[in-house]
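Coordinates in review
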Amino acid sequence: MAKIDEVAKAAGVSISTVSYALSGKRPVAPDTRRRIEKAVRELGYRPNAGARMLAGSRTQIFALTEPLRKDTHAPTHMSFVLATAIAARRHDYDILLLTDEEASAGMGRVAASGLVDAILVLDVAPEDERVALSRAIATPTVFIGVPNDHEGLVCVDLDFEAAAALAVDRLADAGHVRIGLIGQPDVAYEKSNFPPRLRTAAERRAGERGIRLSWRTSGHTHSSRGRTRKATGELLDEGATALLIHAADDAHTAAFAEIEARGLRIPEDVSIISVAASFDTATLSVPVDTIPLIPDASCGLAVELAVRSVSGDHLEPGLHLIPPTYVDRRSIAAPGARTETPIS
């Protein structure tokens, strides 16, 4: 990689003149600037982050704070990390990934050092410690997720409330009056913002449509297939003729296994909608209708907002919610003739 003294030699100027031309700290004659810019292009020179910080210019780095815990569902979380990195590269930015479980510590360090131009916040908890820190630092911050206390924040996310309402409406319109919701693992309702948002919205919409909705988690961990099968059986025993599944692909597989073991079919006996799925439900043993969670959409918008803030645009605090889309794979039918057991 070329050094600044090589640029100066090629342009026939001093090192300080190159520095002034690149940082804009002092005026440089047009002819001299052109020679310097030509040398920079030909030599492929890029000032390092430290030099750019001293010059007061951008570092072309965004921090992405994504605390990795033992209960983290890696495939889902890494899809968001990858989507953020790809979106950042489109804007000539690199990503500094902060994975410390003590999320605010790493976020505070990069903000204090001036190493990054903006901070993107993933795996947002309902009561997230990074909220207070984001209000205290000067570094622009964009949340990919919506904490309970989001006043004054810029947040991007799928509109989980609208997604839940859309799913319930589809089942209600098909004639279902008793449905079950198989949700995320237990821990997700404590440490993630979106599972309780979706559950609450589904319950609210079901009440509005006169539907009785029962809810179960998919277990203690993301691999609790036995717990998911048990939850599926309980919901069917309570009379559910349709299921909303808001969980990983292995939870779908476990639910399908219980349905098949009972001699039931999808959708003739049990209708299924996968809500906010982060994977392609067409790859399941039975392709099912889905309202997809698309990391590219939310991460791309978050990066765009961060770039705008760095470029001097004033971003009004608020929620940027991405409308849900429905993918029909014919996994909904009118309720069958199966004898229903009243919900206790």
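Above this text is the structure in question.
Here we summarise the structure given alongside this text. Remember, predicted model here, so these are calculated numbers, not experimental data.

**Focus: the sheet that holds strand E8 (residues 242-245)**
By definition, the strands of a sheet pair up through backbone hydrogen bonds, in either a parallel or an antiparallel sense. Taking strand neighbours across the sheet as the criterion, the five strands line up as E7-E6-E8-E9-E10 in an open arrangement whose pairing is parallel. The open sheet has two edge strands, strand E7 (212-216) and strand E10 (289-292), and neither has a second partner. Between one strand axis and the next, the sheet turns through 20° on average, direction left out of account. The pairing of strand E9 (residues 271-277) with E10 spans four bridges and is parallel. For Val275, the partnering residue across the bridge sits in E10 and is Ile291. The strands touched by helix H10 (residues 194-208) are strand E6 (178-182), E7 and E9; relative to E7, the strand with the most contacts, the crossing angle is about 160°.

**Quick notes on unusual backbone geometry**
The omega torsion across Ile266 and Pro267 is 5°, close enough to zero to call that bond cis. Along the polypeptide, Pro267 turns up in the loop between helix H12 (249-261) and E9. With a phi close to 65°, Asp92 is a non-glycine residue in the positive phi region. Tracing the chain through its elements places Asp92 in the loop between helix H5 (74-90) and strand E2 (94-98). Residue class for Asp92 comes out partly exposed when judged on its relative accessible area of 35%. Here the phi dihedral of Ala276 falls at roughly 55°; this positive angle occurs in a residue that is not glycine.

**Here we look at the packing of H5 against helix H13 (residues 295-310)**
Any two packed helices are characterised by how steeply their axes cross, that is the angle between the axes, and by the distance between the axes. Direction vectors running N to C along H5 and H13 enclose 45°, while the axes themselves pass 8 Å from each other. Here H5 lies oblique to H13, going by the angle between them. By crossing handedness, the relation of H5 to H13 is classed as right-handed. Where H5 abuts H13, its residues Ser79, Phe80, Ala83, Thr84, Ala87, Ala88 and Arg90 lie against Pro295, Asp296, Ser298, Cys299, Gly300 and Val303. Of the residues belonging to the contact of H5 with H13, the class tally is seven nonpolar, four polar and two charged.

**Some points on the side chain of Thr141**
Assignment of secondary structure puts Thr141 in strand E4 (residues 141-144). Overall, Thr141 belongs to the buried group, its relative accessible area being 14%. A polar contact is formed between the side chain of Thr141 and the backbone oxygen of Thr139, at a distance of 3.1 Å. Setting aside residues no more than four positions away along its own chain, Thr141 makes contact with Met107, Ile119, Val121, Ser134 and Val154.

**Quick notes on the packing of aromatic side chains**
In total, this model carries three aromatic pairs according to the counting rule given. For Arg170, the ring lying beneath its charged end belongs to Tyr326, and the centroid distance is 3.8 Å. For the cation-ring pair, Arg199 lies above Trp215, with the distance from its terminal atom to the ring centre recorded as 3.5 Å.

**Brief notes about the nonpolar core**
Formed by 48 residues in total, the largest nonpolar core has its most connected members in Phe62, Leu120, Val142, Ile179, Leu244 and Val275. Aside from chain neighbours lying at most four places away, what touches Ile179 is Val168, Leu171, Ile211, Arg212, Leu213, Ser214, Ala240, Ala242 and Leu244. Counting residues in each nonpolar core, the second largest holds 19 residues, with Leu243, Phe256, Ile266 and Val270 among its members.

**A closer look at the pattern of salt bridges**
A side chain with one charge can pair with a side chain of the opposite charge if their charged atoms come near. Within this structure, the stated rule accounts for 22 salt bridges. A salt bridge links Asp186 to Arg227; its shortest N-O distance comes to 3.6 Å. A residue pair is termed long-range when its members are at least 10 positions apart, and Asp186 in the loop between E6 and helix H9 (188-191) and Arg227 in helix H11 (residues 225-237) qualify at 41 residues. Asp186 sits in the partly exposed class, given a relative accessible area of 24%. Within the structure, one salt-bridge network assembled from shared partners comprises Asp169, Asp173, Arg205, Glu208 and Arg209.

The rules we used
- Residues numbered from 1 in each chain as written.
- Predicted model: local features only at pLDDT ≥ 70, side-chain atom pairs only at ≥ 80, totals over all residues.
- Heavy atoms only, no water.
- Pairing = 2+ DSSP bridges.
- Helix = DSSP H or I, 4+ residues; strand = E, 2+ residues; numbered from the N terminus.
- Axes fitted to C-alpha atoms, helices over the stretch in contact; angles between N-to-C directions.
- Contact = heavy atoms within 4.5 Å.
- Buried < 20%, exposed > 50% of the residue type's maximum accessible area, 1.4 Å probe, protein only.
- Parallel < 35°, antiparallel > 145°, perpendicular 65-115°, else oblique.
- Left-handed = near helix turned anticlockwise from the far one by under 90°.
- Nonpolar A, V, L, I, M, F, W, Y, C, P; charged D, E, K, R; others polar.
- Polar contact = N/O pair within 3.5 Å; in protein donor to acceptor, adjacent residues only side chain to side chain.
- Phe/Tyr/Trp six-rings, centres within 6.5 Å; stacked < 30°, edge-to-face > 60°.
- Lys NZ or Arg CZ within 6 Å of the ring centre and 35° of its normal.
- Core = buried A, V, L, I, M, F, W, Y, C linked by side-chain atoms within 4.5 Å.
- Salt bridge = Lys/Arg side-chain N within 4 Å of Asp/Glu carboxyl O.

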